[in-house]
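The chain contents come next:
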Amino acid sequence: MTTFVDRVELHVAAGNGGHGCASVHREKFKPLGGPDGGNGGRGGDVVLVVDQDVTTLLDYHHSPHRKATNGKPGEGGNRSGKDGQDLVLPVPDGTVVLDGNGNVLADLVGEGTSFVAGQGGRGGLGNAALASARRKAPGFALLGEPGIARDVVLELKTVADVALVGYPSAGKSSLISVLSAAKPKIADYPFTTLVPNLGVVTAGTTVYTIADVPGLIPGASEGRGLGLEFLRHVERCSVLVHVLDTATLESDRDPVSDLDVIEAELRAYGGGLEDRPRVVVLNKIDVPDGRELAGMVRPDLEARGYRVFEVSAVAHEGLRELSFALAQIVAETRAARPVQESTRVVIRPQAVDDSGFTVTEEDGLFRVRGEKPERWVRQTDFNNDEAVGYLADRLNRLGVEDELRKAGAKAGDGVAIGADEDAVVFDWEPTMAAGAEMLGRRGEDHRFDAPRAAAQRRKDKQAAHDEADDEYQGFDPFA
Ligand SMILES: Nc1nc2c(ncn2[C@@H]2O[C@H](COP(=O)(O)OP(=O)(O)OP(=O)(O)O)[C@@H](O)[C@H]2O)c(=O)[nH]1
Ligand SMILES: [Mg+2]
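These notes cover the structure that comes with them. Nothing here was measured: the structure is a model prediction, and the numbers come from that model. (Residues numbered from 1 in each chain as written. Chains lettered and ligands numbered in written order. Predicted model: local features only at pLDDT ≥ 70, side-chain atom pairs only at ≥ 80, totals over all residues. Heavy atoms only, no water.)

**Structural notes on the overall build of the chain**
Helix and strand counts for the chain stand at twelve helices and 19 strands. Buried positions account for 48% of the 479 residues belonging to the chain. For the chain, the proportion of contacts with a sequence separation of at least 24, taken over those separated by at least 6, is 72%. (Helix = DSSP H or I, 4+ residues; strand = E, 2+ residues; numbered from the N terminus. Buried < 20%, exposed > 50% of the residue type's maximum accessible area, 1.4 Å probe, protein only. Contact = heavy atoms within 4.5 Å.)

Below, the structure is given as structure tokens:
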């Protein structure tokens, strides 16, 4: 018994960037050869990719936590840390990616279409890369940034050319079983089909897919029966086939009123199904009363503009005509469709405005928000005065100090950089950057004071940074 899972919550975590390294070149007779700390590696991305061999989201139902590997820290001798590996997660064709609020982030259709669900953190620059004419021997390096972690919802919408819709027991599964090689369960009780079935039909030179979804009943669009959950599978189909039962034993039903009920449900569901071409199939004409009834309602249905096919799934009657007619409609809609854009669309979540920042005051606390200031804070090792001074320089150059002053900030006021939870708060010293500059702290030669202790501090820092990994499948950042 296979379980069908068409909606899962997935928690992805991209890899953290490796920390930059602060190191000093050493050689015989040339003990102070300049900074040679390498950059940290980039953290791996988490990427969802459509893979035709994958048909369900079951894997993600069983293990919903997925983590890409971290970038390695830089090392002395100008050695850069290795980049983390991207984690590629195969998903079925027709997977829709939503955020926690139900907003669509990506709609993945077509082999190879991919979506970066979590971007890996940048590696921190090593002190070699931070050296400049003014700062010849930086005694610090930048920290790697944490990778993006986020919760997404994956929803599967079947991608089929033709969808069979109708009341339970109308014979939808029987029909797909005789039109294609699909072998769905068929039985004489309602809701035999609990999950959509897909079949491939070849008619002449046209090959198309056909989907059989669970039966619809009045109120389906409001969630009665199984309807609503599965109507979304119908959304993508280019042709709708009404399968009508001409031999039902329920006295209050007949093919025309059944059609009206199903149409009303499709309308109530919405989803843009109105303009989809439809054909009507009158099934079970092997039953004598059924054939008679079919003949009676046919003119009425044709008067409404439907193409009508009288078939028997059991006696294999009228099937060839039906499958060729469907092939023709499918071929026409394919020809009318604009050429598919590249299947290698990579949708990056939230394009970030990299340039600006804002300063707002909340009860005497000045809050700085902006891509750059927030990133710079994440890259800063606050145990290292030089690194803190470098941060102050960067913020100053961006104009943060000026804006704080304009916003009315005075010495000693609290300044927070970042969003509420992970903001870094400190007391503002307006002359911090300039003062530090005059003291000549940055670029001063720290090579004489305990480089080993500094190296140990960096190691501890990286370990703390990587600690968050422990909850993910025993991943060992140092392996
Ligand atoms: N006599 C006759 N019986 C049929 C025909 N097609 C289907 N049936 C019977 O109708 C019953 C229901 O068929 P299914 O194919 O399971 O119907 P369905 O529309 O898939 O039903 P759900 O999955 O419950 O929505 C079964 O007992 C079939 O054998 C037909 O052409 N003639
Ligand atoms: Mg069925």
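Back to the write-up after that little detour.
**Let's talk about the sheet that holds strand β11 (residues 206–212)**
On the basis of which strands lie adjacent, the open sheet formed by six strands has the order β10-β11-β9-β12-β13-β14 and mixed pairing. A strand with exactly one partner marks an edge of an open sheet, and here the two such strands are β10 (197–203) and β14 (307–310). Strand-to-strand twist of the sheet, defined as the mean angle between neighbouring strand axes without regard to direction, takes the value 25°. In this sheet, β14 lies alongside strand β13 (residues 278–283) in parallel orientation, the contact comprising four bridges. The residue of β14 that forms the bridge with V279 is R307. This element, helix α7 (residues 319–336), spans β9 (162–165), β10, β11, β12 (239–245), β13 and β14 of the sheet and lies at about 105° to β11. (Pairing = 2+ DSSP bridges. Axes fitted to C-alpha atoms, helices over the stretch in contact; angles between N-to-C directions.)

**A look at the site of ligand 1**
By nearness alone, 24 residues border ligand 1, and S169, S174, F191, T193 and D286 come closest of all. The separation between an oxygen atom of ligand 1 and a polar main-chain atom of A170 is 3.2 Å. Contacts to ligand 1 include K284, whose side-chain N or O atom sits 3.1 Å from an oxygen atom. Burial of ligand 1 by the surrounding chains reaches 87%, relative to a free accessible area of 650 Å². Residues of the shell around ligand 1, tallied by class, amount to eleven nonpolar, nine polar and four charged. (Near = heavy atom within 4 Å. Polar contact = N/O pair within 3.5 Å; in protein donor to acceptor, adjacent residues only side chain to side chain. Areas by Shrake-Rupley, 256 points an atom, 1.4 Å probe, with all protein chains shown as cover. Nonpolar A, V, L, I, M, F, W, Y, C, P; charged D, E, K, R; others polar.)

**Remarks on empty space enclosed by the protein**
Over the atoms rolls a probe the size of a water molecule, and in doing so it shows where empty space is left. Summed over the entire model, instances satisfying the criterion amount to one cavity of 30 Å³ or more. Of the volumes computed, that of the largest cavity is approximately 70 Å³. If you trace the largest cavity, you find eleven residues lining it, with L395, V400, E401, L404 and W428 closest to the centre. Every element with two or more residues in the lining of the largest cavity is listed here: α9 (385–398), α10 (400–406) and β18 (414–417). No other element matches α10, which puts three residues into the lining of the largest cavity. Each residue belonging to the lining of the largest cavity can be placed in one class, and the counts come to ten nonpolar, no polar and one charged. (1 Å grid on protein atoms, 1.4 Å probe; cavity = no way out; pocket = protein on both sides within 12 Å on 5 of 7 lines; lining within 4 Å. Points joined across faces, edges and corners; volume = space filled by probe spheres on them.)

**Topic: the pairing of strand β1 (residues 7–13)**
With five of seven residues buried, β1 lies mostly within the body of the structure. With three bridges connecting them, β1 and strand β3 (residues 65–67) associate as parallel partners. Counterpart to A13 in the pairing with β3 is K67.

**Topic: helix α3 (residues 172–179)**
Along α3, seven of the eight residues are buried, which leaves the element largely enclosed by surrounding structure. Within α3, the full set of buried residues consists of K172, S173, S174, L175, I176, S177 and L179. The secondary structure elements touched by the buried residues of α3 are β9, β10, β11, β12, β13 and α7.

**As for helix α8 (residues 371–378)**
Within α8, the full set of buried residues consists of P373, E374, R375, W376 and V377. Along its buried surface, α8 packs onto β17 (365–369), α9, β18 and β19 (424–427).

**Describing the nonpolar core**
V162, L175, Y208, V241, L322 and L326 are the most contacted members of the largest nonpolar core, which totals 25 residues. Elements that contribute at least two residues to this core include exactly β9, α3, β10, β11, β12, β13 and α7. Ranked by residue count, the leading element in this core is α7, at seven residues. For L326, the contacting residues outside a window of four places in its chain are V162, Y208, V239, V241 and V279. Counting 19 residues, the second-largest nonpolar core is a separate cluster that includes V50, L57, L89 and A117. (Core = buried A, V, L, I, M, F, W, Y, C linked by side-chain atoms within 4.5 Å.)

**Re the sheet that holds strand β16 (residues 358–362)**
Judged by pairing direction, the sheet is mixed, and its four strands sit side by side in the order β16-β17-β18-β19 without closing on themselves. Bordering the open sheet on either side are β16 and β19, each of which pairs with just one other strand. Across this sheet, the average inter-strand angle for adjacent strands is 25°, counted without regard to direction. Bridging between β17 and β18 involves four bridges; their strand directions are parallel. Across the sheet, the residue bridging to L365 is G414, located in β18.

**Quick word on the packing of aromatic side chains**
To describe a pair of aromatic rings, you give the distance between the ring centres and the angle between the ring planes. Considering all chains together, one arrives at one aromatic pair under this definition. Both rings, one in F140 and one in Y390, keep their centres 5.1 Å apart while their planes meet at 50°; by these two values the pair is tilted. A residue pair is termed long-range when its members are at least 10 positions apart, and F140 in the loop between α2 (127–130) and β8 (149–156) and Y390 in helix α9 qualify at 250 residues. Taken as a pair, F140 and Y390 share a single burial class, namely buried. For R253, the ring lying beneath its charged end belongs to Y167, and the centroid distance is 3.9 Å. (Phe/Tyr/Trp six-rings, centres within 6.5 Å; stacked < 30°, edge-to-face > 60°. Lys NZ or Arg CZ within 6 Å of the ring centre and 35° of its normal.)

**Regarding the side chain of D99**
Its location among the elements puts D99 in the loop between β5 (95–98) and β6 (104–108). Among all residues touching D99, those that are not within four sequence positions of it are L105 and V153.

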